[in-house]
Amino acid sequence: MALVDSKTGKVRQTYTIEGLEKAANMMRGYNLVSLYAAGSGHSGGTLSIMDITTALYLHVANHDPQEPAWDGRDRIIWSAGHKAPALYLGLGMAGYYDVREVVKLRKLYSPFQGHPHWLRLPGVEASTGSLGQGLSIAVGIALAGKLDRKDYTVYALTGDGEHQEGQIWEAIMEAGHFQLDNLINILDKNRLQIDGWVEDVMDIEPIVDKYKSFKWNVIEIDGHDMKEILDAFEEAKAHQGKPTVIVAHTTKGKGINYMEDVAGWHGKAPDRQQLDDALEQLGLTGKLDLEELIDRAETCQKEADKKLDAKMPKFSRDYFWNQGPRMKAEMDPTRKGFGRTLQEKGDDQRIVCLGADISGSITISNFYEKNPERKPRFLNMGIAEQSATAVAAGLAKEGKLPVFGTYGVFASSRNLDQLRTTVCYGNFNVFVAGAHGGVSVGPDGATHQALEELFQMCGLPNMMVEVPCDSVETRRACEHLLFHVPGPKYVRFAREATPVVTTPQTPYTWGQANIVRYRGEKDNFIDAFEWFLGSNYRSEGEDLTIVACGPSVPEAMRAAYILKEDFGLETRVIDMHTVKPLDKQTIVQAALETGLVISAEEHQIGGFGNWISAAISQSREIYGKPFLMGMIGVKDRFGESGKPWELVKEFEVSAEHIAQMAKELTDFRKERSSG
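In this numbering scheme, every chain counts its residues from 1 along its sequence in written order. Residue-level local features of this predicted model are given only where pLDDT is at least 70; pairs of side-chain atoms are given and counted only at 80 or more, and the full residue set underlies all totals for whole chains, interfaces and linings. Side-chain numbers come from the whole structure's heavy atoms, not from hydrogens or water.

On to the pattern of salt bridges. Take a side-chain nitrogen of Lys or Arg and a carboxyl oxygen of Asp or Glu: if they are within 4 Å of each other, that pair is a salt bridge. Under the definition given, this model contains 49 salt bridges. In this structure, Arg28 and Asp51 form a salt bridge, with 2.7 Å as the shortest nitrogen-oxygen distance. A residue pair is termed long-range when its members are at least 10 positions apart, and Arg28 in helix α1 (residues 17-38) and Asp51 in helix α3 (residues 50-60) qualify at 23 residues. When the shortest N-O distance is used, the salt bridge between Arg296 and Glu292 registers 2.9 Å. Of the two residues, Arg296 and Glu292 are both situated in helix α11 (residues 290-311); the distance of four residues between them amounts to about one turn of the helix. Taking the relative accessible area as the measure of exposure, Arg296 reaches 17% and is therefore buried. Each of Arg517, Arg519, Glu530, Glu540, Glu542, Lys564, Glu570, Arg572 and Glu593 takes part in one network of salt bridges that share partners. The secondary structure listing takes helices from DSSP runs of H or I that are at least 4 residues long and strands from runs of E that are at least 2 residues long, numbered from the N terminus. Working definition: with a 1.4 Å probe on protein chains only, accessible area under 20% of the residue-type maximum means buried, over 50% means exposed, and in between means partly exposed.

This is the structure:
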């Protein structure tokens, strides 16, 4: 069976091998159109897994598109969550929804998130995206099936690079130990990951022997031969006493000559010319209504734009970045400041950089790209954050200056116990870079948007935390942390290009905040502000204070611009680049002198704001004196897919939202004082 009517037990639809091959080809076309419409996503792995997806959803697994929660269904867990478009197409072709809807991939408010979320889309069994976790979920579901004496089969889809993650081996061990013959793992062995060939990054071979040693039944196939795929599934389902892994040898980017076996197409979408070329190679030119599909995606985007615009605070004019004839801002990703530091200072033989398969994305590879003689001091640890963190501690113990970097969600959460027990408790000189902080990461969605790491990092004894405001300040901060701050340290920076608001001459003293004052409109945004070291600043009788960190600092500056031009309010902006240790004196002085403080963070609300609130409320100087406080941040929710600046608006962390709160609080104070 496969597509089943769960009420009658009858098969809804059957496919021949030829029919499955045609369906897989069509799904490849829809996949590429969807990625093109999204402008981002993962081409390589979605194409390598498509034949297996087709076989699984249209012929092998028992499920009912009309009853997604049917208890007798087989469960399919996508541990390799970045291949979500293939999952969505499998569900669409099976009849869960109109398959053309998948062109809404990664759009704001769309259920087709960058990584799958089971609460948003019927048919998705688990929310995944952090590699190595899905197989454990599958083990739990298989165990539940055994305990409840149910005869469903659990299918897990994993990748070969994913097998560098330690948790996946725990799951493999557990499945073998519990003899879960109702579990089938399909290993998409396309041999490539973001940083290159799996064998070069962190070799997982001999994978077949390893599985066998963990008491698994192993089947090897050509993952693009439909007959072999179907035969393997049949054999696996019949095997008793052991879980089965189907090692599917596949080609990354399968079917498109310029994508096949090219690591650069792991996380890249085609442009229009590449899309047209790809559809021609697939023999689908004219067989897909391309313009209708693109129009469907654009309509979805227009609807999102309209909904987003309706919830945005309105002012006398559009103050958003680079929308007016003046106040132009240069945009540059803060992550590039990190890379520039490593490139400029990497000759120091003590520095050892540890990558985690996203080296180019977070710019840690700048360390060696123009200086190949440094390559021996660059250790690509693969997808293994926990071990890499402890390895960095070992390097630090022997006098090295280790720099470990990955996405913030993995640099602060996946390895939190290693940071706590090994790095911080041991007080080792380890520099951790948490990239892609905040919702402005964009279409990858919730699993890749770091919104909690200030709670985690600031709560660790001995850990120093830096959140610079732009790429220039990031470069200066990273250099200082690397050479002048001993012990554990964490720097948080963003992915998206954000405004450059500082220069190499702007005051910067680690552990001391800066104060920024708006002086009037200029042609360039950066020239409209004056900067002071907090300890040198003298009050100008401002109406309020906005204290911010990271990319929220430029937003706070823009809020100060709005408040002055629309309402005549003067704002003291504090750039609190060093979050731990906190410059409490500058905060307390601002509270005393302005009486109104708003914290701003592109983070779960309170991760930064609670520290500001505590500094004020615990100060004896404040006792008995009236002051108001507000907080801007993400309101206790997970992120989602969308364009970076859309999400800044959707999650209410933009300058407009800061200015709106500031106006409301100043009006409240005025009303209270007059009453």
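This is not the end of the story, as more comes after the structure.
When DSSP finds at least two bridges between two strands, those strands are taken to pair. Taking strand neighbours across the sheet as the criterion, the six strands line up as β19-β18-β21-β20-β23-β24 in an open arrangement whose pairing is mixed. What marks the edges here is a single partner per strand, and that holds for β19 (529-533) and β24 (628-634). On average, each strand axis in the sheet is tilted by 25° relative to the strand beside it, whichever way the strands run. Where strand β20 (residues 544-548) and strand β21 (residues 571-575) come together, five bridges link them in parallel fashion. Looking across to β21, one finds that Val547 is bridged to Ile574. Contact definition: two residues touch when any of their heavy atoms are within 4.5 Å. Geometry is summarised by axes, namely lines fitted to C-alpha atoms with helices restricted to the contacting stretch, and by angles between N-to-C directions that run from 0 to 180 degrees. Contacting β18 (514-518), β20, β21 and β23 (596-604), helix α21 (residues 584-594) runs over the sheet at an angle of about 170° to β21. Strands β20, β23 and β24 of the sheet are contacted by helix α24 (residues 655-674), whose axis makes an angle of about 160° with β24.

Buried residues dominate strand β11 (residues 351-355), accounting for five of its five residues. The two faces of β11 match: Ile351, Cys353 and Gly355 on one face and Val352 and Leu354 on the other face are all buried. In this structure, β11 lies alongside strand β12 (residues 378-380), joined through three bridges in parallel fashion. What sits directly across from Leu354, in β12, is Leu379.

A two-sided burial pattern is seen for strand β3 (residues 75-78), the buried positions comprising Arg75 and Ile77 on one face and Ile76 and Trp78 on the other. Where β3 and strand β4 (residues 154-159) come together, four bridges link them in parallel fashion. Bridging from a neighbouring strand, Ile77 pairs with Ala156 of β4.

Stacked, tilted and edge-to-face are the three classes applied to pairs of Phe, Tyr and Trp rings, where Trp contributes its six-membered ring and a pair requires centres within 6.5 Å; stacked means planes under 30 degrees apart, edge-to-face means over 60, and tilted covers the rest. Tallying each qualifying case throughout the model produces 19 aromatic pairs. Seen in terms of ring centroids, Trp169 and Phe214 are 5.6 Å apart; in terms of plane orientation they differ by 45°. Their pairing is tilted. Here Phe214 lies in the loop between α8 (207-213) and β8 (217-222) and Trp169 lies in helix α6 (residues 166-177), a separation of 45 residues in the sequence. Trp169 gets classed as buried once you look at its relative accessible area, which sits at 17%. Looking at Phe214, the relative accessible area reads 28%, which means it is partly exposed. Cluster of aromatic residues (ring-pair linked, three or more members): Tyr319, Trp321, Tyr518, Phe525, Phe529 and Tyr561. Charge-over-ring contacts are defined here by two conditions on Lys NZ or Arg CZ: a distance within 6 Å of the ring centre and an angle within 35 degrees of the ring normal. Of note, Arg637 hangs over the ring of Phe651, and the distance from its end group to the ring centre comes to 3.9 Å. Sitting over the ring of Phe320, Lys649 keeps its end group 4.4 Å from the ring centre.

The subject of this paragraph is the packing of α1 against helix α4 (residues 84-94). Axis separation between α1 and α4 bottoms out at 10 Å; the angle between their running directions is 125°. Regarding the angle of α1 to α4, the classification is oblique. Helix-helix and strand crossings are classified by hand; for α1 and α4 the assignment is right-handed. The segment α1 lies against α4, with Ala23, Met27, Tyr30, Asn31 and Leu35 engaging Pro85, Leu89, Gly90 and Met93. The residue makeup of the contact of α1 with α4, split by class, is seven nonpolar, two polar and no charged. Small angles under 35 degrees read as roughly parallel and large ones over 145 as roughly antiparallel, with 65 to 115 read as roughly perpendicular and the rest as oblique. Should the near helix be turned anticlockwise from the far one by less than a right angle, the crossing is termed left-handed; should it be turned clockwise, right-handed. Under the scheme applied, nonpolar residues are Ala, Val, Leu, Ile, Met, Phe, Trp, Tyr, Cys and Pro; charged residues are Asp, Glu, Lys and Arg; polar residues are all the others, including Gly.

Attention shifts here to the nonpolar core. Put simply, buried Ala, Val, Leu, Ile, Met, Phe, Trp, Tyr and Cys residues joined by side-chain atoms within 4.5 Å make one nonpolar core. Counting 66 residues, the largest nonpolar core has Leu56, Tyr88, Tyr155 and Phe233 as its most contacted members. For this core, the element with the most residues is α1, which contributes eight residues. Those residues in contact with Phe233, other than ones at most four positions away along the chain, are Ile52, Ala55, Leu56, Val60, Tyr155, Ile186 and Ile246.

We now examine the environment of Gly355. Along the chain, Gly355 turns up in strand β11. A relative accessible area of 0% means that Gly355 is categorised as buried. A C-alpha to C-alpha distance of 7.3 Å links Gly355 and Phe378, two positions 23 residues apart in sequence. Those residues in contact with Gly355 that sit more than four places away from it in its chain are Phe378, Leu379, Asn380, Met381 and Gly382.

Below, the discussion takes up the packing of helix α15 (residues 385-397) against helix α17 (residues 416-424). In contact at an axis separation of 9 Å, α15 and α17 are set at 10° when each is read in the N-to-C sense. Between α15 and α17, the crossing angle belongs to the class labelled roughly parallel. Of α17, the residues touching α15 (which contributes Gln386, Thr389, Ala390 and Ala393) are Gln418, Leu419, Thr422 and Val423. Of the residues assigned to the contact of α15 with α17, the class counts are four nonpolar, four polar and no charged.

So, on to α6. Compared with the 16 Å implied by 1.5 Å per residue over 12 residues, the 17 Å span of α6 between its first and last C-alpha is a close match. Among all positions in α6, only Ile168, Trp169, Ala171, Ile172, Ala175 and Gly176 are buried. Buried residues along α6 cover an arc of 155° about the axis, so they all sit on one side. Looking at the residues trailing α6, positive phi occurs at Gln179, about 55°. By this rule the span expected of a helix is its residue count minus one, scaled by 1.5 Å. The reported arc concerns the directions from the helix axis to the C-beta atoms and nothing else.

Let us now look at the environment of Ser641. The residue Ser641 is located in the loop between β24 and α23 (644-650) in this model. For the pair formed by Ser641 and Gly114, sequence separation is 527 residues and the distance between their alpha carbons is 5.9 Å. The contacts of Ser641, once residues within four sequence positions are left out, are Arg106, Lys107, Leu108, Tyr109, Gln113, Gly114, Gly442, Pro443, Asp444, Gly445 and Leu647. Polar contact is the term for a pair of N or O atoms within 3.5 Å; when the atoms are in protein, one must be able to donate a hydrogen and the other to accept it, and sequence-neighboring residues count only if both atoms are side-chain atoms. Of note is the side chain of Ser641, whose polar atom sits 2.7 Å from the backbone nitrogen of Gly114.

Turning our eyes to something else, we now look at the layout of surface pockets. With a probe scaled to a water molecule rolled over the atoms, the places where space remains empty come into view. Throughout, the protein atoms alone are placed on a 1 Å grid, and a set of points is a cavity if a 1.4 Å probe fits but cannot get out or a pocket if it is open with protein on both sides within 12 Å along at least five of seven lines; lining residues have an atom within 4 Å of a point. Grid points are joined across faces, edges and corners, and a volume is the space filled by probe spheres set on the points. Of the volumes computed, that of the largest pocket is approximately 920 Å³. Surrounding the largest pocket, 48 residues form its lining, His42, Ile194, Gly267, Tyr407 and Asp444 being those nearest its centre. Elements with a minimum of two residues in the lining of the largest pocket: β6 (192-193), β13 (401-407) and α23. Residues of the lining of the largest pocket, tallied by class, amount to 15 nonpolar, 20 polar and 13 charged. Approximately 610 Å³ is the volume attributed to the second largest pocket. Contributing to the lining of the second largest pocket are 26 residues, with Ser127, Ser130, Ala446, Thr447 and Phe638 lying nearest its centre. Here the residues of the lining of the second largest pocket sort into seven nonpolar, 15 polar and four charged.

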